[in-house]
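Spelled out from the first residue to the last, the chains are:
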Amino acid sequence: MAKHAYGNTETVDLWNSWSEVSGKDVAALMKSWTTIMGYPCVRVVSETWSATEVQVTLEQSRFLSDGSGTAEDDTTLWCIPLLFATAGSSSQEAVIMDQKQQTFAIPIAASGAGKQSWVKINAWQSALVRVAHSQEMTSRLLASISEVAPVDRAALLLDAYALAKSGQAPLENVVAILRALENEDTSIVWSAIAGILSSMHMLMEQIGGDAFAQFVAFGKRVVLKGLEKVSLDYSLHFKYGL
C-alpha cells in the first residue's frame, strides 16, 4: 500500500506486492484465476498406494457444466493450490499444480485393523475446482465416510453429481455416495443431499417407468433416515409423500 500510495496502480501491482511479501508467485496464481473462462477439473490419472504414502498423478482440464470444456486440444492451465486430507491428518500448506499432469506424494498414516487408508483431494474445498477421484479412492473414502470432514463429504457428492451431469462420470457414482450417506447427521451434507435428490427427481420423473419408481423408493428411504437426523426442506416431504 505504501509503495503505491501516491501513484496509479493496476490489479497486477497488488499481486506483485503480495508475491514480494509472501515469497510465493501470487501474481502467476491469480492471473490464471482472473483471466481464464470457467474453472478446472482435477482428475486422478493413476495412483500407487503403499503403507506410508500415495503417489498420485493428477491431470487438470477446463470444467464447464455442459461438458464442453473437455476438448483434448485444450491447453488451458491454472495454478491450482491443493490440500489433501487423509485418515490421520490434512495438509498444512497447499501444493501448487501448474502443469497439465503432475505427480504428488501424499503421506498417509498406518490404518488400524480392518480399516483402509484414504485420501480426499482438495480438502476443505480450499480451491474452486471439481475433483474426479478414481474408483479406488472413492471406494476407500466411502468405506470410511464417517471419518471424512462434513464439508468434504458434501464436496464428494457435489463433485460426483456435477461430473455426471456434464457427462464426464456415471450417475451410478452419485447413487453409491448417496447410499454411503444414508445415516448422515450434519446439515451441511444434508443440504447437498437435498439439492441433488431434488434435481435427480426431476430428471428421473421425465424418464418415468420402473426407473422412476425405483428412484422414488430409494429417495424415500434416504429422506426418511434424514428426517431422523436433521430438519429437511419441505419440498422433499412433498415429493416423497411424507
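Residues numbered from 1 in each chain as written. Predicted model: local features only at pLDDT ≥ 70, side-chain atom pairs only at ≥ 80, totals over all residues. Heavy atoms only, no water.

Moving on, we come to the sheet that holds strand E8 (residues 130-132). Across the sheet, which stays open at both edges, the four strands sit in the order E6-E2-E1-E8 with mixed pairing between neighbours. The sheet is open, and its two borders are formed by strand E6 (101-107) and E8, each paired with just one other strand. Strand-to-strand, the axes of this sheet are offset by a mean angle of 30°, without reference to chain direction. Helix-sheet contacts for helix H3 (residues 135-143) involve strand E1 (39-49) and strand E2 (53-63), and the interaxial angle to E1 is about 85°. (Pairing = 2+ DSSP bridges. Helix = DSSP H or I, 4+ residues; strand = E, 2+ residues; numbered from the N terminus. Axes fitted to C-alpha atoms, helices over the stretch in contact; angles between N-to-C directions. Contact = heavy atoms within 4.5 Å.)

Moving on: the pattern of salt bridges. Applying the stated criterion across every chain, the model contains five salt bridges. Ionic pairing is found between glutamate 182 and arginine 221, a salt bridge with its closest N-O pair at 3.1 Å. Taken together, the residues glutamate 182 in the loop between helix H5 (171-180) and helix H6 (187-207) and arginine 221 in helix H7 (residues 209-229) connect sequence positions 39 residues apart. Judged by its relative accessible area of 34%, arginine 221 falls in the partly exposed class. (Salt bridge = Lys/Arg side-chain N within 4 Å of Asp/Glu carboxyl O. Buried < 20%, exposed > 50% of the residue type's maximum accessible area, 1.4 Å probe, protein only.)

Bringing unusual backbone geometry into the picture now. Backbone geometry at tryptophan 124 places phi at a positive 60°, although glycine is not the residue there. We classify tryptophan 124 as exposed; its relative accessible area is 52%.

With that settled, consider the packing of H5 against H6. Direction vectors running N to C along H5 and H6 enclose 135°, while the axes themselves pass 12 Å from each other. Our classification of the angle between H5 and H6 gives oblique. Between H5 and H6 lies a crossing of left-handed hand. Contacts between H5 and H6 involve Leu171, Val174, Val175 and Leu178 from the former and Ile193, Ile196, Leu197 and Met200 from the latter. In terms of residue class, the contact of H5 with H6 is built from eight nonpolar, no polar and no charged. (Parallel < 35°, antiparallel > 145°, perpendicular 65-115°, else oblique. Left-handed = near helix turned anticlockwise from the far one by under 90°. Nonpolar A, V, L, I, M, F, W, Y, C, P; charged D, E, K, R; others polar.)

Moving on, we get to the packing of aromatic side chains. For the coordinates displayed, the defined rule picks out two aromatic pairs. Consider the rings of tyrosine 39 and phenylalanine 63, whose centres lie 5.7 Å apart with planes at 40°: the pair is tilted. Taken together, the residues tyrosine 39 in strand E1 and phenylalanine 63 in strand E2 connect sequence positions 24 residues apart. Given a relative accessible area of 21%, tyrosine 39 falls into the partly exposed group. Centre to centre, the rings of phenylalanine 84 and phenylalanine 104 are 5.9 Å apart; their planes meet at 50°, and the pair counts as tilted. A residue pair is termed long-range when its members are at least 10 positions apart, and phenylalanine 84 in strand E4 (residues 84-86) and phenylalanine 104 in strand E6 qualify at 20 residues. (Phe/Tyr/Trp six-rings, centres within 6.5 Å; stacked < 30°, edge-to-face > 60°.)

Further remarks concern H5. An α-helical segment advances 3.6 residues per turn. Residues three or four places apart therefore align on the same side. Listed as buried for H5 are Val174, Ile177 and Leu178. Seen end-on, H5 carries its buried residues on one side only, within an arc spanning 100°. (Arc of directions from axis to C-beta.)

With respect to the secondary-structure elements, threonine 57 resides in strand E2. Excluding residues that lie within four positions of it along the chain, threonine 57 makes contacts with Arg43, Val44, Val45, Ser46, Gln101, Gln102 and Thr103.

The contact between helix H4 (residues 150-165) and H5 brings their axes to 8 Å, and the two run at 160°. Classified by the angle between their axes, H4 and H5 sit roughly antiparallel to one another. H5 is crossed by H4, and the crossing has left-handed handedness. Between H4, through Leu156, Leu157, Ala160, Tyr161 and Ala164, and H5, the contact on the second element is made entirely by Leu171, Val174, Ile177 and Leu178. The residue makeup of the contact of H4 with H5, split by class, is nine nonpolar, no polar and no charged.

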